[in-house]
Amino acid sequence: MSALLDVKGLRTVFETRAGTVCAVDGVDVEVRRGECLGIVGESGSGKSVTFASVMGLVRSPGRIDAGEILFDGRDLRKLSQKELRAVRGRDIAMTMQDALTALNPALTVGVQLAEVLEAHDETLPRGRRARTRAIRERSAEILGLVGIPSPDSRLSQYPHEFSGGMRQRIMIAIALACRPKLLIADEPTTALDVTIQAQVLELISDIRAKLGMSVVLITHDLGVVAEHCDRVMVMYAGQVVEEGPTTEVIGSPSHPYTRGLLGSIPRLALRGQPIHPIEGQVPDLIDLPAQCRFYSRCADRTDACLTPIAVRQVGPHRKARCILAGEDTQ
Amino acid sequence: MSTEPLLKVENLTKHYVGRLSLAQRLAREKPSVVRAVSDVSLEVRKGEILGLIGESGCGKSTLGRAILRLHEPTSGRVTFDGQEVTTLDPMALKDIRRRMQIIFQDPYASLNPRRTVAEIVGLPLKLHDLATSADDLRAKVIAIIERIGLKANQLDRYPHQFSGGQRQRIGIARALISNPDFIVCDEPVSALDVSIQAQIIELLLELKREMGLTYLFISHDISVIGYLADRVAVMYLGEIVEMGPVDAVLSAPRHPYTQSLMSAVPDVDHPGHAQRVRLTGDLPSPLDPPSGCKFHTRCPLAVDRCRSEAPISEDLGGGHRAACHRLHEKLSLLETA
Amino acid sequence: MTNVAEISRPPETIFQQNLRNFMGNRLAVASTAVVFLFILLAIFAPLIAPHDPNTTDLFRRLQPPAWVEGGEWSYLLGCDQLGRDILSRIIYGARISIFIGAAVILVATTIGIIAGLSAGYLRGWVDVVISRLVDILLGFPYLIFAIGLMAMMGPGLINIILALAYKEWVIPCRVVRGETLATREQEYVEAARALGASRKHIMIKEILPNILSPVVVVSTIRMAHVIILEASLSFLGLGVQPPTASWGSMVSDGRAFILESWWVSTFPGLAILLLVLAINVAGQGLRDAFDPRFHE
């Protein structure tokens, strides 16, 4: 079966006064039907820009420089603005990290849901009365689906009348309004408390199973990936450094950056032992080194690392961008 | 580690009273009261790290600031090294602030954008007359700046020229240059990326060993607290619901809130191993906290008694305390769920 | 110990960034040049003015500008009803307008910063007293009270400045108070308090540098307003006393001959218009570049 989303050689750059920032540099992503793919990386890794590019949401001074974005076999980069708008919202939906700013504060939740349904739902009846009633029913049904109690009465409330967790649910509800084939969740729980975070993540997993959609979960939290994703892709400085089934990647990481990230997580189990932070910081994306981008921070670097290498197959389902991968990983 | 308490907090309460307009006052309306911290007592021993954990809005940051009198407590007492902080006059308060410091969460908001690093870090020395000359001040600033991992040639730059992690290092240098004994770390790593977070945690632990510091470490991240704290206090809606040694509280939590908190943390090592306790609903508003036990609206174990009567904190042995009516019924969410 | 990589960006202060933004705005830069031109005219008036501004010459009474029939090139903009050279009087008049405008703004901004900082940072009764005073003054009709004050105090440069500054400080005061209220909640202010800094230190060293940009911008724009007010007072005969040249009184002088000798009022009027316009455009350019709320 072909992949639902297949991104090949994506390159997105931003022109700034200081120079050209290459935020995404030759990224390949494959999202299969029905799977949950986790995208892990720190700020500046390009994880959010990659999917903003997929959604066609990169604005000036940014632009997509190269690459193919195949969704269901169609190249999204070749679509007109109008065709792209139809895909966005109906087939691919995205939720933002900050639900408070992503929702329009001046419109009720019901109106915002209705807007999406009006624009994309072709199954709605034609007659005005019937249409309004159908939209109201669908809206309440969706709010119920994301676990908002008494959805009928809450449709007429404004975003600020909801708590942070509830707002995140509403944003997911709006994203799900047209039963998209792909949901891109950009840091859906970063702004939330752990108990609420657990509720929201569980909700996304439940709905994925119910609707059979694919989910891309962008996060910096490897714990979230471990519990909710089938596959994981690790990004660093605009490139993919490792990709594979979650359990394998977390169980035996091939790339030293993934190992470093895992080693950086403080845990009760590690009390008294020193944690091993990755030294230094992310390279400046304007002035990228010619060698492997992780070179300056890598504990296992050798002279061979001065020549950058491409992502390569290191196992049946695994890829990594490191000369040592697949040969000798403790 | 000695057991002498360096900091003692007794029945500390902080309420924020809303302002009333003249019309509301004439109509005898009662002002709205946010009960941010209610009747909190705790001790921090010399040389230890007390972790303070809780979700946003639970009052943990307010507690840290009330201890330092950055926000004046409504009632209660704070004693630092035998001296009562809550009644100090402004001059004495200034002196004690040399010894009690704070590291903030947001490395962007906590540094004055118009001051250079040298000015920011050197300020405490100036305020407390700790440098004999301009050269001495510069030398001391360079010493601490290099210790926390920046370079002397970066001293005359402005905060916006640094990354988040570097800014947090500057904030740490500012807090440590006056040689304090006690530091409130208010979510110092929450705004940072994972790999930078680990660097800052390591730095804070190294500095604690070198300088003999005592930390009150506030965080919403149980993994961080679990890794570095000696003892932990769990806060919910302005009250401490459970407190004790980290091993006891986090590996065998007794309060249902701590239990649900623990089970909600995603675990890299053992995904899906934990029996999930799902709390329903959201944090109640501190403007109108629930009666009885404040957790009863979300607690799966709540009974009628919890709705009417507030539980009193009980000693469970070994310094482990918790406040719950059903502590002795051998119930655990982690087993019943 | 961890090794932190050298940052590669060149050191540039926020001020330098803002200045570069400002320099990119051509209209604002041109306006600033016009304002500086007027300032130079004012400073070097004796060197630039072709004639003495107060020498009367009844043979040249109401002589038209050079390009109108009956004019001559050495009296470019013509002469007034006493035969004084209008160009020279405009050049000397720039001294009065700019000096009074700058002095009023300086006095008003100083008072406004002190009052606004105290009200915004100290709060409590200080805030109540200052805010009420501001509210009351805002209810006063500006020019009418200035006229009343001038009538009471009598003419004189110092009196004009006082009569205009009595209310002008309210504007920077409100700006400073608002900015202070927002800035005092910043964590770096809290950090300074935690370090044991005094209120004076916090107000002057921590808060003031961060709120100065909007105040400077507002004061610049207000200076245009003050120049108009001064011209109005002079127009009404309550400003600078004759024979000292002032744009306002020059416009007033020409009223009686506006139909036959239009140049007597028109040229000083245009001078007011040009300077006020230039200050406003330059001020808005400054605001766009320096006030962070206008940044994207």
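All figures in this text were calculated on a predicted structure; none of them were measured in a lab. (Residues numbered from 1 in each chain as written. Chains lettered and ligands numbered in written order. Predicted model: local features only at pLDDT ≥ 70, side-chain atom pairs only at ≥ 80, totals over all residues. Heavy atoms only, no water.)

**Focus: the sheet that holds strand β9 (residues 231–236) of chain A**
Residues and elements named next belong to chain A. Rule in force here: Only strands joined by at least two bridges in the DSSP assignment are considered to pair. Secondary structure elements follow DSSP: runs of H or I no shorter than four residues count as helices, runs of E no shorter than two count as strands, and numbering proceeds from the N terminus. Geometry is summarised by axes, namely lines fitted to C-alpha atoms with helices restricted to the contacting stretch, and by angles between N-to-C directions that run from 0 to 180 degrees. The criterion used for residue contact is that any of the two residues' heavy atoms lie within 4.5 Å.
Taking strand neighbours across the sheet as the criterion, the 8 strands line up as β6-β7-β8-β3-β9-β10-β12-β11 in an open arrangement whose pairing is mixed. At either margin of the open sheet sits one strand with a lone partner, and together these are β6 (92–95) and β11 (312–315). Averaged over all pairs of adjacent strands, the angle between their axes in this sheet comes to 20°, without regard to strand direction. In the sheet, strand β3 (residues 36–40) pairs with β9 via 4 bridges, with the strands oriented parallel. Within β9, the position partnered with Gly38 by the bridge is Val232. Relative to β6, helix α7 (residues 164–176) is tilted by about 170°, and along the sheet it contacts β6 and β7 (182–186). Contacts from helix α8 (residues 194–211) reach β3, β7 and β8 (214–219) within the one sheet, and its direction differs from that of β8 by about 160°.

**Notes on the pattern of salt bridges**
Residue and element names in this part refer to chain A. This is how the line gets drawn: By salt bridge we mean one thing: a side-chain nitrogen of Lys or Arg within 4 Å of a carboxyl oxygen of Asp or Glu. The rule is simple: take the accessible area with a 1.4 Å probe, protein chains only, and divide by the maximum for that residue type; under 20% is buried, over 50% is exposed, in between is partly exposed.
For the structure shown, the criterion picks out 45 salt bridges over all chains. Of the charged contacts in the structure, one is a salt bridge between Lys181 and Asp72, with a shortest N-O distance of 3.0 Å. Placement of the pair is Lys181 in the loop between α7 and β7 and Asp72 in the loop between β4 (62–71) and β5 (74–75), with a sequence separation of 109 residues. Among the residues examined, Lys181 registers a relative accessible area of 37% and is labelled partly exposed. By relative accessible area, which is 33% here, Asp72 ends up partly exposed. Residues joined by salt bridges that share partners form a network here, namely Arg11, Glu15, Asp25, Arg63, Asp65 and Arg293.

**A closer look at the interface of chain B and chain A**
Note: interface size is frequently given as the accessible area lost on complex formation between the parts. Quick reminder of the rule: Buried area is understood as the total, over both parts, of accessible area removed when two parts are fitted together, assessed with a 1.4 Å probe. Within 3.5 Å is the distance limit for a polar contact, defined as a pair of N or O atoms, with the added protein rule that one can donate a hydrogen and the other accept it, and that residues adjacent in sequence qualify only through two side-chain atoms. Each residue gets one label: Ala, Val, Leu, Ile, Met, Phe, Trp, Tyr, Cys and Pro are nonpolar, Asp, Glu, Lys and Arg are charged, and the others, such as Gly, are polar.
Across the boundary between the two partners, chain B contributes 41 residues, which contact 38 residues of chain A. Buried surface at the junction of chain B and chain A, both sides included, amounts to about 3300 Å², of which 55% is carbon and sulfur. Interface area lost by chain B to chain A is led by Val194(B), Tyr227(B) and Val268(B), which between them contribute 21%. Applying the counting rule to chain B against chain A returns 6 residue pairs in polar contact (both at pLDDT 80 or more). Elements supplying a minimum of two residues to the side of chain B that touches chain A: α7 (194–211), α8 (222–228), α9 (246–251) and α10 (256–264) of chain B. Here the side of chain B that touches chain A takes 8 residues from α7(B), the largest share from any one element. In the side of chain B that touches chain A, the residues fall into 18 nonpolar, 12 polar and 11 charged.

**Describing the domain arrangement of chain B**
Residues and elements named next belong to chain B. Defined as follows: For each domain, the first and last residues come from an automatic or database assignment.
By domain assignment, chain B separates into domain 1 (5–99 + 180–336) and domain 2 (100–179). The straight-line distance from the C-alpha centre of domain 1 to that of domain 2 is 29 Å. Contact residues are listed per partner, giving 34 residues for domain 1 and 21 residues for domain 2. Here domain 1 and domain 2 share an interface that buries about 2400 Å² over both sides, 66% of which is from carbon and sulfur atoms. Interface area lost by domain 1 to domain 2 is led by Arg98, Pro180 and Leu203, which between them contribute 21%. Here Glu210 makes a salt bridge to Arg147, at a shortest N to O gap of 2.7 Å. For the side of domain 1 that touches domain 2, the secondary-structure elements that each account for two or more residues are α2 (60–67), α3 (90–97), β7 (182–186) and α7. With 9 residues, α7 is the largest single contributor of residues to the side of domain 1 that touches domain 2. Among the residues forming the side of domain 1 that touches domain 2, the class breakdown is 22 nonpolar, 2 polar and 10 charged.

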